[in-house]
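What follows is the residue order along each chain.
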Amino acid sequence: MNLDFALILVVVTLVTGLLWLLDIAFFAPSRKRKESQMVEEGFEEPKVNKPYWAELSSSIFPVLAAVLILRSFLYEPFQIPSGSMLPTLKVGDFILVNKYHYGLRTPVGNIKFVDNNEPQRGDVMVFKYPQNPSVYYIKRVIGLPGDEIVYKDKMLFVNGEPQNQTLIAQIPAINPKRLQVEEQLGDVAHEIYRDVNARVMNGGWRVPEGHYFMMGDNRDNSNDSRYWGFVPDELIVGKAVSVWMHWAQLLSIPDFTAIRSIQ
């Protein structure tokens, strides 16, 4: 079962906030009256302790509220779990996703309430998987609403225009199994992988209004819009903007030299 962390965070923040306000409004004045009464009765430095729930809520509510605001409206960290975006993003990369770039959305329900930029062709975008919105995916925006996308013989065509590819490297150099290629996607130049012996996946799609066509940079090893369709606007999470750490596995040493912007 996939837990909805955003919902859990909202609920816990709300509960601790209500307890904090309850203590301020009702219980704290009562404690002060008792302390004043103790002063009148001759006690020196009287102190009535907060109950445990009040102490806990006043301590953690500000932290939870700050995390909720940062995570919901500013930046959210994600870890890359698969190689579908190689060579741009590696397994174990930790990335920051700009949550306000495409407009502000509610932390629960993902309802947009402030407009900002629209996704652009070439953006690396995090979104909720249309077939299971509890799962997050990251791919590159290939098609915008109204675009005609054709993928033929491992070449990409957008509205009839081929997106130029330039060979960078053969991997390995002798008897290569993979090609590293620079693709010019509109105004955005980025690198992709193409497997030499992978089967050719041809197809054509017309992107409906309010939807986007997404593909992974590891073209022959990506589960993307070619297989399951389009991403509706209401499932957009944010724009991936930078890698802030690479941590290949639990027992390895985190690599902070991997810091870079995402192109």
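Since the structure is predicted, the reported quantities are computational estimates derived from the model, not experimental observations. (Residues numbered from 1 in each chain as written. Predicted model: local features only at pLDDT ≥ 70, side-chain atom pairs only at ≥ 80, totals over all residues. Heavy atoms only, no water.)

### Observations concerning the sheet that holds strand β10 (residues 165-171)
The antiparallel open sheet is built from three strands, whose spatial order is β10-β11-β12. Single-partner strands in this sheet number two, and they are β10 and β12 (188-195). On average, each strand axis in the sheet is tilted by 25° relative to the strand beside it, whichever way the strands run. Relative to β12, strand β11 (residues 178-185) runs antiparallel, the two being bridged by eight bridges. Paired with Gln-180 across the bridge in β12 is Tyr-193. (Pairing = 2+ DSSP bridges. Helix = DSSP H or I, 4+ residues; strand = E, 2+ residues; numbered from the N terminus. Axes fitted to C-alpha atoms, helices over the stretch in contact; angles between N-to-C directions.)

### Details of the sheet that holds strand β13 (residues 203-206)
Strand order across the open sheet formed by four strands is β9-β8-β7-β13, with antiparallel pairing between neighbours. Each of the sheet's edge strands pairs with one partner strand only, and the pair in question is β9 (161-162) and β13.

### Things to note about the packing of aromatic side chains
Throughout the structure, instances matching the rule amount to 14 aromatic pairs. Relative to Trp-53, the ring of Phe-27 lies with its centre 5.3 Å away and its plane at 80°, an arrangement referred to as edge-to-face. Here Phe-27, found in helix α1 (residues 5-40), pairs with Trp-53, found in helix α2 (residues 52-74); they are 26 residues apart in sequence, far enough to count as distant. On the basis of relative accessible area, Phe-27 is assigned to the partly exposed category, the value being 38%. When its relative accessible area of 29% is taken as the criterion, Trp-53 is described as partly exposed. Through successive ring pairs, a cluster of aromatic residues spans Phe-127, Tyr-129, Tyr-137 and Trp-228. When the ring centre of Tyr-151 is taken as origin, the NZ or CZ atom of Arg-226, which lies over that ring, is 5.1 Å away. (Phe/Tyr/Trp six-rings, centres within 6.5 Å; stacked < 30°, edge-to-face > 60°. Buried < 20%, exposed > 50% of the residue type's maximum accessible area, 1.4 Å probe, protein only. Lys NZ or Arg CZ within 6 Å of the ring centre and 35° of its normal.)

### Comments concerning empty space enclosed by the protein
It is a probe the size of a water molecule, rolled over the atoms, that shows where empty space is left. In this structure the tally under the stated criterion is one cavity of 30 Å³ or more. Roughly 170 Å³ of internal volume is contained in the largest cavity. Taken together, Ala-6, Arg-71, Ser-72, Glu-76, Lys-99, Arg-105, Thr-106, Pro-107, Asn-110, Lys-128, Tyr-136 and Val-237 form the lining of the largest cavity. Its residues placed into classes, the lining of the largest cavity shows four nonpolar, three polar and five charged. (1 Å grid on protein atoms, 1.4 Å probe; cavity = no way out; pocket = protein on both sides within 12 Å on 5 of 7 lines; lining within 4 Å. Points joined across faces, edges and corners; volume = space filled by probe spheres on them. Nonpolar A, V, L, I, M, F, W, Y, C, P; charged D, E, K, R; others polar.)

### Describing the environment of Ile-24
Along the chain, the position of Ile-24 falls in helix α1. Judged by relative accessible area, Ile-24 falls into the partly exposed class, the value being 43%. Separated by 30 residues in the primary sequence, Ile-24 and Ala-54 have C-alpha atoms spaced 9.0 Å apart.

### Focus on the pairing of strand β2 (residues 93-98)
Within β2, five of the six residues are buried, leaving the element largely enclosed by the surrounding structure. In the sheet, strand β1 (residues 75-79) pairs with β2 via five bridges, with the strands oriented antiparallel. The residue bridging Glu-76 from the neighbouring strand is Val-97, located in β2.

### What to know about the packing of α1 against α2
A pair of packed helices is characterised by two quantities: the angle between their axes and the separation of those axes. Interhelical geometry of α1 versus α2 gives an angle of 135° and a closest axis separation of 8 Å. Considering their axes alone, α1 and α2 lie oblique with respect to each other. Note that α1 runs across α2; the crossing there is left-handed. Here the residues of the contact of α1 with α2 sort into 17 nonpolar, five polar and two charged. (Parallel < 35°, antiparallel > 145°, perpendicular 65-115°, else oblique. Left-handed = near helix turned anticlockwise from the far one by under 90°.)

### Considering unusual backbone geometry
The omega angle of the peptide bond from Leu-86 to Pro-87 is 0°, so this bond is cis rather than trans. By secondary structure assignment, the location of Pro-87 is in the loop between β1 and β2. With an omega of -15°, the peptide bond running from Ile-171 to Pro-172 counts as cis. Inspection of the secondary structure puts Pro-172 in the loop between β10 and β11. Phi is positive for Asp-153, which is not a glycine, with a value near 55°. Topologically, Asp-153 is positioned in the loop between β7 (148-152) and β8 (155-158). Notably, Asn-175 is not glycine yet its phi reads approximately 50°, a positive angle.

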